[in-house]
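Descriptive analysis of the structure
Each chain is listed here by its residues.
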Amino acid sequence: MKMALRACLRTKPGLTALLSQLSCSGHAAARRAPALVAQRSSSSTSQKIKVDFDQSSGVAVMHMQSPPVNSLSLEFLTDVCIALEKLEMDKSCRGLVVTSSQPKVFSAGLDILDMYGKSPEHCAEFWKAVQEMWLKFYGSNMITIAAVNGSSPAGGCLLSMTCDYRIMADNPRYSIGLNETKLGIVAPFWFKDTMVNTVGHRATEMALQLGLLYSPAEALKIGLVDQLVHEDQVLTTATETMTKWLAIPGILNISYTCHFFHLWCCNLVCTICSCVCQVIAAKKIHLSQDF
Ligand SMILES: CCCCCC/C=C/CC(=O)SCCNC(=O)CCNC(=O)[C@H](O)C(C)(C)COP(=O)(O)OP(=O)(O)OC[C@H]1O[C@@H](n2cnc3c(N)ncnc32)[C@H](O)[C@@H]1OP(=O)(O)O
């Protein structure tokens, strides 16, 4: 699916325009950009993320370092988007591993404090930044691997699902999933679609209806993560796995992209139809209440 989005971003100007309306590159560009120096190995740091780029392998590692739990605040999301933009522009960077510098937590999802009691303008900017992060990861030309070295609820799970491959620490105390329902929030349709593309319809239905958080073993069973390793080995396994992915010529990825692009279009049409049906149904309920 991620590859489908990649292809569509590359080849379909109309769709790119449509998607970019969801995006907000403007606000990201306005902020300071962490520098990536063109040398064999470089490191760039913003307040909330650190990027180590090894030019000889073409692989960058993004360490999320926003204590205590890497919650996705507007500032954090903006830093991530800026770093991704810079890596994407550097054609020598072919792979990206995302991981956490915080103990026990990959990401706690959207920053609840950044959503509560804020102005409508702030909420709009915040929400656009969430969408931009999703678009940038899902539409990335790089191979992306999530090294999930801790719990990853809600938006944290979404972030990991936008990657091509997920490796999680095999610690039963950690959990991962879209638990929005348990918080009284309906997960947006594109959260749902991302999960459907990862684990299929039935598993997503169960997960969202019940707001399930899965242990690493359960997550592996339904395909929410691809591999479990000992806590100490999450990052090294991710970089080893990256080598295998990067050995596949990029052109083959593009050919799979065409199959997945078709699926993605079907999904989009279904979603639009379903929205229209919901509006009609809501209007009917409203009318029937008038009588
Ligand atoms: C504008 C449109 C809105 C539409 C929204 C639709 C989609 C929503 C998706 C979301 O992502 S909503 C966020 C959902 N997140 C969660 O449910 C996670 C809640 N947190 C946890 O489960 C746990 O904190 C943890 C991540 C498993 C870590 O547990 P641990 O025991 O290690 O730490 P804690 O003691 O619980 O927390 C430490 C510290 O961090 C604060 N915190 C935790 N999560 C968040 C968060 N999401 N946002 C902001 N702050 C968070 C927590 O309050 C503690 O703070 P304190 O000051 O030390 O008390």
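Residues numbered from 1 in each chain as written. Predicted model: local features only at pLDDT ≥ 70, side-chain atom pairs only at ≥ 80, totals over all residues. Heavy atoms only, no water.

In the nomenclature of an unreviewed UniProt entry, the protein is known as Enoyl-CoA delta isomerase 1, mitochondrial of Astatotilapia calliptera. Within the UniProt record for the protein, the comment given under Subcellular location (unreviewed entry) is "Mitochondrion matrix". Looking at the Function (unreviewed entry) heading of the UniProt record, one finds this comment for the protein: "Key enzyme of fatty acid beta-oxidation. Able to isomerize both 3-cis (3Z) and 3-trans (3E) double bonds into the 2-trans (2E) form in a range of enoyl-CoA species, with a preference for (3Z)-enoyl-CoAs over (3E)-enoyl-CoAs. The catalytic efficiency of this enzyme is not affected by the fatty acyl chain length." (UniProt positions renumbered as here; feature names shortened; annotations may be inferred.)

On to the pairing of strand S3 (residues 59-64), then. Across the 6 residues that make up S3, a large majority, 6, are buried. Residues of S3 alternate between two faces, with Val59, Val61 and His63 on one and Ala60, Met62 and Met64 on the opposite face, all of them buried. Note: strand S2 (residues 49-54) against S3, 6 bridges, orientation antiparallel. Following the sheet pairing, Phe53 is matched in S3 by Ala60. Taken together, S2 and the strand that follows it, S3, pair antiparallel across an intervening segment of 4 residues, in which Gly58 is found at a positive phi of about 75°. Two elements, S3 and strand S4 (residues 95-100), share 6 bridges in a ladder whose sense is parallel. Across the sheet, the residue bridging to Val59 is Gly95, located in S4. In terms of handedness, the path from S3 via helix H4 (residues 74-89) over to S4 forms a crossover that is right-handed. (Buried < 20%, exposed > 50% of the residue type's maximum accessible area, 1.4 Å probe, protein only. Helix = DSSP H or I, 4+ residues; strand = E, 2+ residues; numbered from the N terminus. Pairing = 2+ DSSP bridges. Right-handed = clockwise from strand over helix to strand, strands pointing away.)

Another point: the site of the ligand. Inspection of the region around the ligand gives 20 residues, with Ala108, Leu110, Ile112, Gly155 and Glu180 positioned closest. Between a nitrogen atom of the ligand and a main-chain N or O atom of Ala108, the distance comes to 2.9 Å. Residue Leu110 places a main-chain N or O atom 2.8 Å away from an oxygen atom belonging to the ligand. In isolation the ligand exposes 1,100 Å². Once the protein is present, 59% of that is buried. Classifying every residue of the shell around the ligand gives 13 nonpolar, 5 polar and 2 charged. (Near = heavy atom within 4 Å. Polar contact = N/O pair within 3.5 Å; in protein donor to acceptor, adjacent residues only side chain to side chain. Areas by Shrake-Rupley, 256 points an atom, 1.4 Å probe, with all protein chains shown as cover. Nonpolar A, V, L, I, M, F, W, Y, C, P; charged D, E, K, R; others polar.)

Moving on, we get to the packing of aromatic side chains. One pass over the structure, following the stated rule, counts 6 aromatic pairs. Consider the rings of Trp134 and Trp190, whose centres lie 5.2 Å apart with planes at 55°: the pair is tilted. One end of the pair, Trp134, is in helix H5 (residues 120-138); the other, Trp190, is in helix H7 (residues 189-199), and 56 residues separate them in sequence. Since its relative accessible area comes to 7%, Trp134 is described here as buried. Look at Trp190 and you get buried, because its relative accessible area is 8%. An aromatic cluster of three or more residues is present, and its members are Trp127, Trp134, Tyr138, Trp190 and Phe191. (Phe/Tyr/Trp six-rings, centres within 6.5 Å; stacked < 30°, edge-to-face > 60°.)

A few words on H7. Within the sequence span of H7, burial applies to Trp190, Phe191, Asp193, Thr194, Met195, Val196 and Val199. Once H7 ends, the next one or two residues include Gly200, with phi positive near 95°.

Below, the discussion takes up the sheet that holds strand S7 (residues 165-169). Read from one edge of the open sheet, 7 strands run S1-S2-S3-S4-S5-S7-S9, paired in mixed fashion. With one partner strand each, in any of the chains shown, strand S1 (41-45) and strand S9 (227-229) form the two edges of the open sheet. Looking at each pair of strands side by side, their axes are set apart by 20° on average, direction ignored. As paired strands, S1 and S2 are joined by 5 bridges and run antiparallel to one another. Pairing of Thr45 across the sheet is with Lys50, part of S2. Sheet strands touched by H4: S2, S3 and S4. Its angle to S2, the strand with the most contacts, is close to 15°. (Axes fitted to C-alpha atoms, helices over the stretch in contact; angles between N-to-C directions. Contact = heavy atoms within 4.5 Å.)

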